[in-house]
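Remarks on the overall topology
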Amino acid sequence: MTLVVSRFEPAAAADAVLRGYYEVMRASQARDRVDEPRLTYENCVGRLRTPFAGLGPVAHWIATAEGEIVGLATVYLMEGPQNGQLAVTDIQVHPRHRRKGVGTEVLRTLLPWLRENGRTVVEYWQVTKNGDGEHWARGLGMRTTYHNRLQALSLAEHDPKRWRPDTPRGYRLVQWDDAAPDELLESYVRVHRAMRDAPHEGMAYQAPEWTVEGIRAREAEFRESGVRQRVVVAVHERTGEVAGFTELEQHPHRPRWGYQRDTGVLSAHRGHGLGYVVKSRMLTWLLADVPDLELVFTGSNAGNTHMLRVNAELGYTVTREMIAVNQDIDALAVALGRTENDSIGSPS
Ligand SMILES: CC(C)(COP(=O)(O)OP(=O)(O)OC[C@H]1O[C@@H](n2cnc3c(N)ncnc32)[C@H](O)[C@@H]1OP(=O)(O)O)[C@@H](O)C(=O)NCCC(=O)NCCS
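If you tally the helices and strands in the chain, you get nine helices and 12 strands. Against the globule reference of 20 Å for 348 residues, the chain gives a C-alpha radius of gyration of 21 Å, in line with a compact fold. Considering only C-alpha atoms, the chain reaches an extent of 65 × 40 × 35 Å along its principal axes. The buried share among the 348 residues of the chain stands at 51%. Intrachain contacts of the chain at a sequence separation of at least 6 include 74% that bridge at least 24 residues. Charge-centre separation for the chain: the mean point of 42 positive side chains lies 4 Å from the mean point of 45 negative side chains.

Structure (structure tokens):
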């Protein structure tokens, strides 16, 4: 088979190309992420039009063989002093075309471009544990850096009365979407430091050093991309400080799903159940606004037993184990050099 790997611009792509892209996504999901609700064409194109916020500029590639799209790649070029060397990458090959060298060829094509863009490390966040991706990555000598336990809350199977959004004495809850209120902004920035305690294992990605400007820039990015970010915080009444927070995103192309993101409580305020309370309030608020809500997804480090237990109490069930893997680009080039003689076709 003759393989051509080329850049892909979703905004300029013909419908037939988008359909081919979707077919790779759909078939890969059916093999690698069996628990997920089936991805529709609109879901897929919606993600192309609404890339994840906060990960930097995104670029896409497709691999074509005899006119059929057989593989794809997505690369986010992360920004900022902590992550400016990092390329967060996803490569997927249609299950029918796996083990023919396609994934390896796509990666080989990407490497010079990644170097030109100042990258020294590639990290993959969405690799199903024990799946094809893990075996492939291991073969290339990549490091396993993070164990992510995914949990989902199905509203069809859950009784929301189980949530207890009652606030412990001495705290009050404040919620907003769009923009943090000015009077809480600085302590909302500070509470993000609680996330530094969350286990990150050996990830190349570093949690950003949040600042007022960084929070405002992130809010603007969500606004521009049509993502609704909801925030619930617990305010310590005596000091007026934000003691705990939780954040959830709703993406425009998946209106009945919620993505539960970071939750953190400052160490001085732990032991009062604030994590459970802010997450309960979040779900109660979300369901009141979106009565036909279907699913909320979240991911936690597999070793973060406290957060996993809180989620289980809220009604989440474990759906899948994922891992993140990474490798230095120089080491990957050496590993790919070893397999060069086995490659098929050549990139255009
Ligand atoms: C990971 C993925 C892109 C690999 O694509 P691919 O085209 O099948 O990979 P290649 O044919 O280039 O594989 C090269 C080598 O990797 C190893 N490998 C790949 N898949 C493997 C598997 N399922 N089991 C064992 N080894 C495997 C083998 O050594 C293989 O060489 P061989 O077939 O000559 O033995 C593909 O499996 C995929 O789409 N997985 C789901 C998405 C994913 O997890 N991506 C990972 C990074 S984000």
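To continue, consider the site of the ligand. Around the ligand, 17 residues are found, and the nearest of them are Val-93, Arg-99, Gly-101, Gly-103 and Thr-104. One of the backbone nitrogen or oxygen atoms of Gly-101 is found 2.7 Å away from an oxygen atom of the ligand. Take Gly-103: an N or O atom from its main chain is 2.7 Å from an oxygen atom of the ligand. Starting from 910 Å² of accessible surface for the ligand in isolation, the protein chains cover 77%. Taken together, the elements giving at least two residues each to the shell around the ligand come down to β4 (86-93), α3 (102-116) and α4 (132-139). For the shell around the ligand, a count of residues per class yields five nonpolar, six polar and six charged.

Turning to the sheet that holds strand β10 (residues 257-265), a few remarks are in order. Strand order in the open sheet made by the 12 strands is β1-β2-β3-β4-β5-β12-β6-β11-β10-β9-β8-β7, with mixed pairing throughout. Each end of this open sheet is capped by a strand with a single partner; those strands are β1 (3-8) and β7 (171-177). Each strand axis lies, on average, 25 degrees off the axis of its neighbour in the sheet, ignoring direction. As paired elements, strand β3 (residues 68-77) and β4 share seven bridges and run antiparallel to each other.

For any pair of aromatic rings, the description rests on two quantities: the centre-to-centre distance and the angle between the ring planes. Going through the model one piece at a time under the given rule, you end up with 10 aromatic pairs. Summarising the aromatic geometry, the rings of Phe-8 and Tyr-21 are spaced 5.1 Å apart at their centres and angled 25 degrees between planes, so their arrangement reads as stacked. Taken as a pair, Phe-8 in strand β1 and Tyr-21 in helix α1 (residues 15-32) lie far apart in primary sequence, 13 residues in all. Both residues of the pair, Phe-8 and Tyr-21, belong to the buried class. Arg-7 extends its terminal NZ or CZ atom over the ring of Trp-61, reaching a point 5.0 Å from the ring centre. Across from the ring centre of Phe-52, 3.9 Å away, lies the NZ or CZ of Arg-47, which sits over that ring.

Here the focus is helix α2 (residues 41-49). Counted residue by residue, α2 has seven buried out of nine residues, so it is predominantly covered. Of the surrounding elements, those touching the buried residues of α2 are β1, α1, β2 (58-65) and β10.

So, about the nonpolar core. Proteins that are soluble and globular tend to have nonpolar side chains buried together. Grouped together as the largest cluster of nonpolar side chains are 32 residues, with contacts concentrated most on Trp-61, Val-75, Leu-107, Leu-114, Tyr-124 and Met-142. At the level of elements, β1, β2, β3, β4, α3, β5 (121-128), β12 (317-328) and α9 (329-339) are the ones that each hand at least two residues to this core. If one sorts the elements of this core by residue count, α3 sits on top with seven residues. Those residues within four positions of Val-75 in sequence are excluded, and the remaining contacts are Pro-57, Val-58, Ala-59, Trp-61, Ala-87, Val-88, Thr-89, Leu-110, Trp-113 and Leu-114. Within the second largest apolar cluster, 25 residues are counted, among which are Leu-153, Leu-274, Val-277 and Leu-286.

Before going further, it helps to spend a moment on the domain arrangement of the chain. Taken as a whole, the chain is organised into domain 1 (3-149 + 323-338) and domain 2 (159-314). Listed as interface residues are 24 residues of domain 1 and, on the opposing side, 30 residues of domain 2. Roughly 2,200 Å² is buried in total at the junction of domain 1 and domain 2, and carbon and sulfur atoms are behind 57% of that figure. Among the residues of domain 1 in contact with domain 2, Gln-82, Tyr-146 and Arg-149 are the three that bury the most area, contributing 26% of the side total. Our enumeration of links across domain 1 and domain 2 arrives at zero salt bridges. Our count for the contact surface shared by domain 1 and domain 2 stands at 12 residue pairs in polar contact (both at pLDDT 80 or more). When residues of the side of domain 1 that touches domain 2 are traced back to their parent elements, those giving at least two are α2, β5 and β6 (143-154). Considering every element that reaches the side of domain 1 that touches domain 2, the biggest residue donor is β6, with five residues. Of the residues contributing to the side of domain 1 that touches domain 2, the split by class is nine nonpolar, 11 polar and four charged.

What follows deals with the packing of helix α5 (residues 182-191) against helix α6 (residues 212-225). Where α5 contacts α6, the axes come no closer than 9 Å and their chain directions differ by 110 degrees. Comparing their axes, α6 and α5 come out roughly perpendicular. Packed against α5, whose contacting residues are Asp-182, Leu-185, Glu-186, Tyr-188 and Val-189, the element α6 presents Val-212, Ile-215, Arg-216 and Arg-218 at the interface. Class assignment for the residues of the contact of α5 with α6 results in five nonpolar, no polar and four charged.

Glycine aside, the phi torsion of most residues is negative, and most peptide linkages are trans. Although it is not a glycine, Arg-99 sits at a positive phi angle of roughly 60 degrees. Following the sequence through the fold, Arg-99 ends up in the loop between β4 and α3. Its identity as a non-glycine residue notwithstanding, Asp-178 has a phi of 70 degrees, on the positive side. Position of Asp-178 relative to the elements: it lies in the loop between β7 and α5.

Thresholds applied
- Residues numbered from 1 in each chain as written.
- Predicted model: local features only at pLDDT ≥ 70, side-chain atom pairs only at ≥ 80, totals over all residues.
- Heavy atoms only, no water.
- Helix = DSSP H or I, 4+ residues; strand = E, 2+ residues; numbered from the N terminus.
- Rg over C-alpha atoms; globule rule 2.2 N^0.38 Å.
- Buried < 20%, exposed > 50% of the residue type's maximum accessible area, 1.4 Å probe, protein only.
- Contact = heavy atoms within 4.5 Å.
- Lys, Arg positive; Asp, Glu negative; His and termini not counted.
- Charge placed at Lys NZ, Arg CZ, Asp CG, Glu CD.
- Near = heavy atom within 4 Å.
- Polar contact = N/O pair within 3.5 Å; in protein donor to acceptor, adjacent residues only side chain to side chain.
- Areas by Shrake-Rupley, 256 points an atom, 1.4 Å probe, with all protein chains shown as cover.
- Nonpolar A, V, L, I, M, F, W, Y, C, P; charged D, E, K, R; others polar.
- Pairing = 2+ DSSP bridges.
- Axes fitted to C-alpha atoms, helices over the stretch in contact; angles between N-to-C directions.
- Phe/Tyr/Trp six-rings, centres within 6.5 Å; stacked < 30°, edge-to-face > 60°.
- Lys NZ or Arg CZ within 6 Å of the ring centre and 35° of its normal.
- Core = buried A, V, L, I, M, F, W, Y, C linked by side-chain atoms within 4.5 Å.
- Domains from an automatic or database assignment.
- Buried area = accessible area lost by both parts, 1.4 Å probe.
- Salt bridge = Lys/Arg side-chain N within 4 Å of Asp/Glu carboxyl O.
- Parallel < 35°, antiparallel > 145°, perpendicular 65-115°, else oblique.

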